[in-house]
Structure formats: C-alpha cells, structure tokens
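Spelled out, the chains give:
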Amino acid sequence: MQARTVTSYPVTPGTVYYTFSDAAGVSSERIGIRWLNRAGAEVGITWSALTTGSSSGWHRVSVAGAAPWGATNAQVLLGSTEAGANVNHFWENVYLGLPIRILGNLLPFNTESSEVDASGWTPIVNATISRQVPVMSWAVDNYYAGGHTLAMTAVAAGNASILAVERPSVTPGVEYLAYAYLQPPTIASTVWIELRFYDSNGNQVGAQRSTLAPPTPATGMYRQRASMVAPANAAACSVAAGLDSASAGQVMRLETVVVAVAPKLQAGSVLPYADSSFEQGIAGWTVTSGVATIARTTPWGLSAFDGAYSLAVSSSTATASTLRSAKFPVSEGTNWRAQVLAHPAAGTWATALIRIRWYNAANTDLGASTGTGYALPGTSWYVIPSDAVAPAGATQGAIELVATASATSSVLHVDQAVLWEVLPLTAVEEFSDEGYIKLTLRELILDYELSVYRELQDGSRTLVRGPYGLIDDQVIASDLMIIEDHEAPLNTPVRYYIEQRAPGSLTASTRTTDYATVTLTDINQIWLKDPGNPQRNLKVTVQRPPDWNRPIEQASFVVRGRRNKITHSGKRQGLEGDLPIWTLSDQQRTSLHLLLDDGNTLLWQAVPGMGVDDMYVAVGQVPEARTGGLAQEQMRAWTLPLTEQDMPVTVGVGGPAGRTCQDVVTEFATCASLLPVYATSEDLLLDRRR
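Participant: Would you mind going over the sheet that holds strand β10 (residues 127-132) with me for this structure?
Facilitator: The pairing of strands in a sheet happens through backbone hydrogen bonds and is either parallel or antiparallel. Sheet architecture is open: five strands sit in the order β10-β11-β18-β13-β16, paired in antiparallel fashion. Looking at strand neighbours, the two that pair on one side only are β10 and β16 (222-229), the edges of this open sheet. Neighbour-to-neighbour, the strand axes of this sheet turn through a mean angle of 30 degrees, independent of strand direction. Direction of pairing for strand β13 (residues 175-183) relative to strand β18 (residues 251-261): antiparallel, over a ladder of seven bridges. By the bridge assignment, glutamine 183 is partnered in β18 with arginine 253.

Structure (structure tokens):
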C-alpha cells in the first residue's frame, strides 16, 4: 500500500533533503522521497529501511538523501505491506525539507542521525555497523530524533566499540560535551559513550568515558553525556560508543549524536559541566568531614534537575557532613555566588549550609566565607545560594556544602552546582553611533512571565520590543537576556522598568535600571529605523521638515429651508506629508533602498526641539533624484511620502534564533559555497535561503 503527496516540491540537485512522519499500524512501514525531473518523470526513489516491527502507537519513520542530478522536484512516499483487507494505517506530522539539526553540533548531519547511511561510523573492535528503524515512541515535537538508528552488533563475546569517522576541529582549553541517545541490549552489559581528542597528527591525546546506568528493564533510548576540557595539544575530536562484556550478537543502538561546546548551567560559572551536572560521575567532589558517602545517582532518570543524574549524598547517621568541590579560578575583591540545587530523597535533613572556601596561587587555604544556611523540609528541589567577596590574594575557590541529616539512612540529591562572579541584575549601555541602548537582564526566573518598559523622567512608560514583539508577559526561557532597544528616544534620558511574575499571579517582582541617553548631535540628521530589522537602520540628512496634512472623512448635506449645510465627520486622521532627505554616498543610497524594500512600518526619529515627535510611518512611492550634473556625483535627493501609523505591536526583532558561526562552518565547507545559498549577508544572518 502506497500513498504520495499530490504536489511535488522544488529541490536542488546534490542537496540533502530529509523527510519523516509519525505512523501507527499493524504492519511495518517505510517512508521515501520520490525524485522527479523537469518533465515530471521519476528519476529515482530514496527509501528508508522498513521498521523492525509494528505498533498501533505513534512512532517515527524517516530517511534523508541527496537529490540526484536531473531532479528538480520531489514527493513524499508512504508505504506499508498489510496482511489483510480494510486495514487502516495511520500517518501524521509529515515533513519534507532540509535536515533538522542540533544547533552547535560539530558533527555533520549523517553522523548525528544516520538518516542517509552508516558511512559516518567505523568499527573499532569486535563490531559490525548497520542501520535499523526500531519501533520507538518519541515526543511528537522532537524533530531531532526518530527513524533510522545506528546499530552496533557485537561479533563475538567480549568488548565491542565503534567510532565516528568525522573529526571536527576543537580549541585547546575549551570544554566540550558529547551526548547520544543509547539503547542498550536486553541482556545486561556495560554501555558507554566516550569523547575523544586528537592532536594534529591524529594521535589520541585525551578521552572521557561516560557509562550508562539504564533502568531495569531497559526498553527505551537514554541520553548519556560525556564532557571534558580539550587538552593543550588537542586539534580535533570524535565520539566513540561501545559495549563491555558483550555477548555475541548483542545490539546497541545510537541516535542523535552530538559534540558541542559544553553549556554553562549558569552564565559565567567557573565550574565545568562534569562538576555541575554529575552526568559521568562525581567529578572533583569529595567528602572532607563526616560520615556521608557520595556517588552518582542510579539508575538513569531516577533523580535529576539537569540531565539524567545528580549527586547522591548518603548519611548513615544523624550528623553533619561537609562536601567540597574541586578548586576553580576566581579574582580577588569581587563578589562571587555559590549555588546548588538540593532535594531530600530519603530520611530527613535538618539544614544545609553553603559557602565558598578560598585559596591562593600556592593552594594555601585562606578560609571559608560565612555562608548561608537553609532548612530542607519535605522532598522538593531547593535553590541554595550564598554570596561572598573573594579576600585579598585569593585566586581559587571551591563550593562547600555542609549538610546535616536529622535521621539515620538519609539521602540528599544535589545538582546544578555553579560558582560565578555576580554581575549587576540589570545594566544599560548606550550606543549613540548605532542609535540604540543595550539592556542586560541577569538572574531571571525561568518560566516566569516578563514585561519590560521604557520609562521617561515624567514617569510615562512604553513596552520595549523583543524577538516576539513587545515584551509583555512573555515566558522567560533563559536566566540571561540582552535586549537592544532601537526605539529609545533621542537626546532623552530613559530608564527601564522590569516586571517578573509567576504564571497567573497578579503580583510581580520589579527592577529599575539607571538612566541612559542615545545622543544625536547634528540637528540636520534623523534616524529611519525598521523595528523588526534594526540591522537596516539608517541615519540620513534632512533637506527641510515636511508640511503636514491631516485628512478627514466628511459628508455634507443640504437641508431644504436651511442656510447652512449639515456635515458629518469621521475622526481626523494622522499626519501625512513629504519628507525630503539626502543620501551622501552610494553606500548610504544602497542602505536606504534596503530599508525601504520590504515596505515595513518605519520609525522616524529627529532631535527634540525640531517640532516633530518620534513617529511610526508608512512610506509611499519614493522618487530618487540626482543633485548635480555629473554622473559621478553620489549625492541623491529623495522625497519620502509619509503616513503616520500606530506602533507595531506584534513585530519582533529578527535574529539568528540561536544559530552561530559554528553552525555555518559545520554545514558549509567554504565561503564560496554560501554564495548560491544566500543572496545577502543579512539572509545568512537570518538563515533565509534562496
């Protein structure tokens, strides 16, 4: 049984395309891409492997392949072989397009996903490699996983392992994180993932293995992480995975394999990922006093706030024990904050005291800060922070947690340990040459709702624009937010008023910044700004201020026997008029064309005192005239027909949405390969492909 899309969709030969769907039925199925030439004739079909079984529950099937030469269009094919008549096979959530990748992944798509083939991997010892499509349930919006998995089969009893062929470049001293979804075999064996580093000659110079502790029975996919700082002589990295003490024929599957720069669980934290999240063990943590023992929680997913594991602190008696992290660099005379998340998992815990212990360059103990104590009732996760100023001579600091059990056989889980220099909760900085103010917000509360207002000295407030429109009760997704306010008035002191509130709450916590001013000194210049595309904003020179009209809709009626007409009027409309301006160079002329091309509502800003307030305007047909007789003259005279508009409310500030230069480097080999894909550098920034 087959079905295909009625429409065929344009493709580019040589480009890899990806299709997937969620399926449910009583037989195995597959999905494919049917390639067509310009005449609509079939050039070929790229089929996925058949699923290894069937399920009436939703599961993912997918495949990827390069469009063959001669192909100009493609269709999606859905196929299954049914055992009887009148049988339903369900398909939902069908996608066809470019590969969907993990942002920041150093590995190419076919190593990350194995959707094209298994060529991204090679056996190391006692292993064969294939691709399989197991019947696996994934979240309907988890578009990174599902479909083909990489299957490693142990040839004989013993250890077996495989290695990713790709070796992306790394920077010495930078911490990297490798992770993958692993499905262990049903018979017990040790499953692991390993981050490896190599020098410029291809010699391995470092590795960090992380062992999966699967639940029993292990029937699903489990994401396992391994992190390490690249050694001083490291030039490249790769990922290995394997089984220890495997039986012959045992199969381990991998899905969504990633190597990326390790994230910080708190912006500015000096603790590496391993010491913060405990995904591969206890890292540098030790028990310096007391009877407590520490270990990584087990099994996978038992208890964690980040990742799948946390640090388990077990106390056999109702006494206090002191835990201490490894030492990390700090600077003297600055304020630092230590913070952990703690969760009483068994027994009872009376208090937890968190503090920072300081050391100098010779590792001499300079003592600990006073610390802050917290009660730990119940079984919730508690945020436990404490601030302290590093004393003179301090170059290193360690987090200390003094946990006091109030019952025997008590267990405390600890996660997300961080130590960072505490910067101001809010900061403002003006950039007058670019016409905006940068607002930095720190230590925001995740999942709370945020509103940001621009406040003038008279107390009046206006909402500030962000990526999703005006920032009015928007859900907080990161503890750090940087906002560029390109609509701040000129030569006028403004400050920012910030509200955070829990979802559904009527009360809010508030912050207020210092005042900042965007300055424009030349009264003959104005700013023309696109609120949604601030990279296009342009400063131009005014010939003369406009003469304004304010149109109104009116209807007049003559009443017999009356001297005066009766006139019915609508509401008088906003300002309309022509704004004559000059551009002084070819570059400025090109920039003005770019600003006007999309026909968006613009913001016109002039220096206060010129008789014009900041105004949102629509620009009509624009004449461009030369100002001199010479063809080489670059100066141009423009007339901008303006119609006053309301402030756009839903327009968001365009941006790269998390993409970085690394994502571009991973996908494109050279700068030349970008040219046929992106028409302009702005298209590259916003990932708008031809």
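Moving on from the model shown.
Participant: Please clarify how the packing of aromatic side chains should be interpreted in this entry.
Facilitator: Think of a pair of aromatic rings as described by two things: how far the centres are apart, and how the planes are tilted against each other in angle. This structure, assessed with the given rule, holds 15 aromatic pairs. Chaining the aromatic ring pairs together yields one cluster made of Tyr18, Phe20, Tyr95, Phe109 and Tyr143. A cation over a ring is seen here: arginine 461 above tyrosine 497, with NZ or CZ 3.7 Å from the ring centre.

Participant: Quick question: what am I supposed to make of the environment of proline 272 here?
Facilitator: Inspection of the secondary structure assignment puts proline 272 in the loop between β18 and α2 (273-277). In this structure proline 272 comes out as buried when scored by relative accessible area, which is 17%. A sequence separation of 45 residues divides proline 272 from serine 227, and the C-alpha atoms of the two residues are 8.4 Å apart. If near-sequence neighbours (up to four positions away) are discounted, proline 272 is found in contact with Glu175, Lys264 and Phe328.

Participant: Explain the sheet that holds strand β31 (residues 426-431) here, please?
Facilitator: The strand order across the open sheet formed by three strands is β31-β32-β38, and the pairing between neighbours is antiparallel. Strands with a single pairing partner mark the edges of an open sheet, and in this sheet they are β31 and β38 (481-485). Taking each pair of neighbouring strands and ignoring which way they run, the sheet shows an average axis angle of 15 degrees.

Participant: Hey, could you run me through the side chain of serine 369 in this one?
Facilitator: As for its placement among the helices and strands, serine 369 is situated in the loop between β26 (365-368) and β27 (372-376). For serine 369, a relative accessible area of 13% puts it in the buried group. Residues within four places of serine 369 in sequence aside, it is in contact with Arg355, Ile356, Trp358 and Ala388.

Participant: Explanation requested: the nonpolar core in the structure shown.
Facilitator: Across soluble globular proteins, nonpolar side chains show a tendency to be buried alongside one another. In this structure, Trp121, Leu195, Phe197, Val239, Leu254 and Val259 are the most contacted members of the largest nonpolar core, which totals 38 residues. Of all the elements in the fold, those that place two or more residues in this core are β11 (149-154), β12 (158-164), β13, β14 (190-198), β16, β17 (236-246) and β18. Element by element, the count of residues in this core is highest for β17, at five residues. With residues up to four places along the chain from it excluded, the contact list for leucine 254 reads Trp121, Thr149, Leu150, Ile162, Tyr181, Leu182 and Ala241.

Participant: Explain the pattern of salt bridges here, please?
Facilitator: Opposite charge on two side chains allows them to pair when their charged atoms are near. Enumeration according to the criterion identifies 29 salt bridges in this entry. Its salt-bridge partner being arginine 589, residue glutamate 624 comes within 3.8 Å of it at the nearest N-O pair. A residue pair is termed long-range when its members are at least 10 positions apart, and glutamate 624 in strand β48 (residues 624-626) and arginine 589 in helix α3 (residues 586-597) qualify at 35 residues. By relative accessible area, glutamate 624 is classed as partly exposed at 33%. Arginine 589 gets classed as partly exposed once you look at its relative accessible area, which sits at 22%. A single salt-bridge network, built from bridges that share partners, covers Arg324, Arg355, Arg357, Asp365 and Glu400.

Participant: Honestly, the pairing of strand β30 (residues 410-421) in this entry has me stumped. Any pointers?
Facilitator: It is a general feature of regular strands that their side chains alternate between the two faces of the sheet. Within β30, eleven of the twelve residues are buried, leaving the element largely enclosed by the surrounding structure. Sheet analysis places strand β21 (residues 311-315) next to β30, joined by five bridges and oriented antiparallel. Pairing of valine 313 across the sheet is with leucine 412, part of β30. One ladder, built from nine bridges, connects strand β24 (residues 335-346) with β30; its direction is antiparallel. Among the inter-strand pairings, arginine 337 is bridged to a residue of β30, identified as tryptophan 420.

Rules used in this analysis
- Residues numbered from 1 in each chain as written.
- Predicted model: local features only at pLDDT ≥ 70, side-chain atom pairs only at ≥ 80, totals over all residues.
- Heavy atoms only, no water.
- Pairing = 2+ DSSP bridges.
- Helix = DSSP H or I, 4+ residues; strand = E, 2+ residues; numbered from the N terminus.
- Axes fitted to C-alpha atoms, helices over the stretch in contact; angles between N-to-C directions.
- Phe/Tyr/Trp six-rings, centres within 6.5 Å; stacked < 30°, edge-to-face > 60°.
- Lys NZ or Arg CZ within 6 Å of the ring centre and 35° of its normal.
- Buried < 20%, exposed > 50% of the residue type's maximum accessible area, 1.4 Å probe, protein only.
- Contact = heavy atoms within 4.5 Å.
- Core = buried A, V, L, I, M, F, W, Y, C linked by side-chain atoms within 4.5 Å.
- Salt bridge = Lys/Arg side-chain N within 4 Å of Asp/Glu carboxyl O.

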